[in-house]
Amino acid sequence: MIDQLSVSLPNRPGSLAQMCRLLGEWGLQIHAFMVADTSDFSIVRIICDQPRTACARLAERGYAAITSRLAAVEVENVPGAFGALLERLASYDLNVEYAYCCSLGSRVVDLIKVSGEPLAVKLAQTGLVFLDAAELYVPDEEE
């Protein structure tokens with residue numbers, strides 16, 4: 001499991017750019033992101049090299065930011081790989097709340113917010129190999 005940074009932004013021109021500029025000024029590297037919007041606000045989900053640090057610094061600047069845990073799975077870059085992964089999770093009664101992917105070098109990584117109890121046990125039962133923070137980014141010291 002890895003940490004994901006989620007930030008709520010007003011849905012207006014420049015708000016995403018301003019937040020990303022801050023992360024860059026602080027020397028934080030964005031590896032993947034996804035934006036989901038409504039008419040009033042957007043939720044930006046970010047995989048970055050120091051998610052807890054980014055969350056704390058953004059909160060100091062007045063941003064509504066949290067971190068949450070995601071499953072990260074490296075998959076083959078072939079048709080049907082994502083579907084097979086989702087079917088495997090479903091076969092263990094795990095619900096996918098949302099997902100997105102990124103490429104890191106030649107690797108394709110699916111990032112999945114998954115739920116089901118007991119989560120750790122069910123994830124282990126899938127037999128999938130989940131990546132940890134050190135395989136994706138330089139983890140915060142407290143991770």
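Look up: the structure comes first, before these words.
Scoring rules and cut-offs
Residues numbered from 1 in each chain as written. Predicted model: local features only at pLDDT ≥ 70, side-chain atom pairs only at ≥ 80, totals over all residues. Heavy atoms only, no water. Buried < 20%, exposed > 50% of the residue type's maximum accessible area, 1.4 Å probe, protein only. Helix = DSSP H or I, 4+ residues; strand = E, 2+ residues; numbered from the N terminus. Pairing = 2+ DSSP bridges. Arc of directions from axis to C-beta. Contact = heavy atoms within 4.5 Å. Axes fitted to C-alpha atoms, helices over the stretch in contact; angles between N-to-C directions.

Quick word on the pairing of strand S1 (residues 2–10)
Thought 1: Most of S1 is tucked away, with 7 of its 9 residues classed as buried.
Thought 2: Summarising the sheet, S1 and strand S4 (residues 64–75) pair through 7 bridges and their orientation is antiparallel. Counterpart to leucine 5 in the pairing with S4 is threonine 67.
Thought 3: As paired elements, S1 and strand S3 (residues 41–48) share 6 bridges and run antiparallel to each other. The partner of proline 10 across the bridge, within S3, is phenylalanine 41.

Re helix H2 (residues 51–60)
Thought 1: For H2, every residue scored as buried is listed here: Pro51, Ala54, Cys55 and Leu58. Each buried residue of H2 lies within a common arc of 100° when the element is viewed along its axis, so the set occupies one face.
Thought 2: Check the buried side of H2 and you find it contacts S1, helix H1 (15–25), S3 and S4.
Thought 3: Where H2 terminates, the next one or two residues include glycine 62, which has phi positive at roughly 95°.

Observations concerning the sheet that holds S1
Thought 1: One open sheet holds the 6 strands; their spatial order is S2-S3-S1-S4-S6-S5, and the pairing between them is antiparallel. The open sheet has two edge strands with one neighbour each: strand S2 (30–37) and strand S5 (95–104). Neighbouring strand axes in the sheet, compared pairwise and without regard to direction, differ in orientation by 35° on average.
Thought 2: As judged from the 9 bridges shared by S5 and strand S6 (residues 107–115), these two strands associate in the antiparallel manner. Considered in S6, the bridge of asparagine 95 is made with serine 115.
Thought 3: Each of S1, S2 and S3 touches H1; the most contacted strand, S1, lies at about 140° to it.

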